[in-house]
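Observations on the three-dimensional arrangement
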Amino acid sequence: MKLVVVTAGLTQPSSTRLLADRLAEAVARRVEVEVRVAELRDLAVDIANAFVTGFPNTRLREVVEAVTAADGLIAVTPIFSGSYSGLFKSFFDVLDNTALTGKPVLIAATGGTARHSLALEHALRPLFAYLRAVVVPTAVYAAAEDWGGGQDAFTDGLGERIGRAAQELADLLLHRAPSAQEPVEEVVPFEQQLAALRRTD
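Each residue is numbered by its place in its chain's sequence as written, counting from 1. Two thresholds apply to this predicted model, a pLDDT of at least 70 for residue-level local features and 80 or more for giving and counting side-chain atom pairs, whereas whole-chain, interface and lining totals are computed over all residues. Computation of side-chain values covers all heavy atoms of the structure but excludes hydrogens and water.

**A closer look at the packing of aromatic side chains**
- Working definition: rings of Phe, Tyr and Trp (its six-membered ring) pair if their centres are within 6.5 Å, and the pair is stacked with planes under 30 degrees apart, edge-to-face with planes over 60 apart, and tilted otherwise. By the definition in use, this model includes five aromatic pairs.
- Their ring planes at 55° and their centres at 4.9 Å tell us that Phe 88 and Phe 92 sit as a pair that is tilted. One end of the pair is Phe 88 and the other is Phe 92, both in helix H4 (residues 86-94) and four residues apart, which spans about a single turn. A single burial state applies to Phe 88 and to Phe 92, both of which are buried. To qualify as a helix, a DSSP run of H or I must reach at least 4 residues; to qualify as a strand, a run of E must reach at least 2; elements of each kind are numbered from the N terminus. Categorising residues by exposure relies on relative accessible area from a 1.4 Å probe, with only protein chains included: less than 20% of the type maximum marks a residue as buried, more than 50% marks it as exposed, and the intermediate range marks it as partly exposed.

Rendered as C-alpha cells:
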C-alpha cells in the first residue's frame, strides 16, 4: 500500500516535518506501507505557477498524481493566524475535487502554543470533509512544549496521540484494501439485464 505524507513546514529543520515523520513511522509499524513525503516548501513556486497558468508543471503533477493514487494520506501544516498555512491550502486547491474521495486521511498540525489546537477541528477537518476524504477521529496537534526532550523526543501525551491516530489510519488502510480471497462481483450492463428479462417473458 502507498502512503503519501504532505507537509507544509517552511523552515529547515521543521517541527512540521518532524511530526509528519513521526506519524508516518508510527503507521509503518502497524501496517506495511510504501511512504512518500511531499515537501510543499519545495513546490511553492510550482503551485503558484499552476494557479496562474491553470496547469501544474511536471514536478507538481507527479506529486498530485502520487496523492491521488495513494491508499492513504497524512497531511500536516503549521498553524498561522488560527488556520492552516496558505501554502497548504493552495496545494489542495490544485487537486481535482474528487481526488481524495473515500481516501483515509490523518490530519495534524504544529504551532507555538496549544491554544491553536482547535484549528484542526474548525479548519482542517472541514477542508477534508469537503473533499470527501475519510478523516481519522484523532487529529494530532504538537505545540512547542510537546517536544519535551528536544527534536528527537516528545512528551507522553503527544506520543499517545500519535500512536492512537496511527492505529486509526492503519485500521482504515487495512479495511479499505481489497482482499485477495474476495471474489470480484461481475457488473452486468443494464441493457443485458433488460434483454434477459425480455427473453423470459
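**Quick notes on the side chain of Asp 46**
- Relative to the elements of secondary structure, Asp 46 occurs in helix H2 (residues 44-53).
- Polar side-chain contacts of Asp 46 include one of 2.7 Å to the side chain of Asn 57.
- Within 3.5 Å is the distance limit for a polar contact, defined as a pair of N or O atoms, with the added protein rule that one can donate a hydrogen and the other accept it, and that residues adjacent in sequence qualify only through two side-chain atoms. Reaching out from Asp 46, the side chain makes a polar contact with the side chain of Arg 59 at a distance of 2.7 Å.
- Working rule for contacts: check all heavy atoms of both residues, and any pair within 4.5 Å makes them a contact. In this structure, Asp 46 is in contact with Asn 57, Arg 59 and Leu 60, ignoring residues within four places of it in sequence.

**Details of the confidence of the model for the protein chain**
- A score from 0 to 100, pLDDT tells how confident the predictor is in each residue. Across the protein chain, the average pLDDT comes to 87, with 83% of residues at 70 or higher.
- The low-confidence segment residues 178-185 (pLDDT under 50) makes zero contacts with residues lying over four places distant or belonging to another chain.

**Regarding the nonpolar core**
- Working definition of a nonpolar core: buried Ala, Val, Leu, Ile, Met, Phe, Trp, Tyr and Cys residues. They are joined through side-chain atoms within 4.5 Å. Phe 91, Phe 92 and Phe 128 are the most contacted members of the largest nonpolar core, which has 40 residues in total.
- Those elements that provide at least two residues to this core are strand E1 (2-7), H2, helix H3 (58-69), strand E3 (72-80), H4, strand E5 (104-111), helix H5 (119-130) and strand E7 (140-143).
- The element contributing the most residues to this core is H5, with six residues.
- Not counting residues within four places of it along the chain, the set of residues in contact with Phe 91 comprises Val 6, Leu 40, Ile 47, Leu 60, Val 63, Val 64 and Val 67.
- In terms of nonpolar packing, the next biggest core, distinct from the first, is built from 26 residues, Ala 20, Ala 26, Ile 74 and Val 136 among them.

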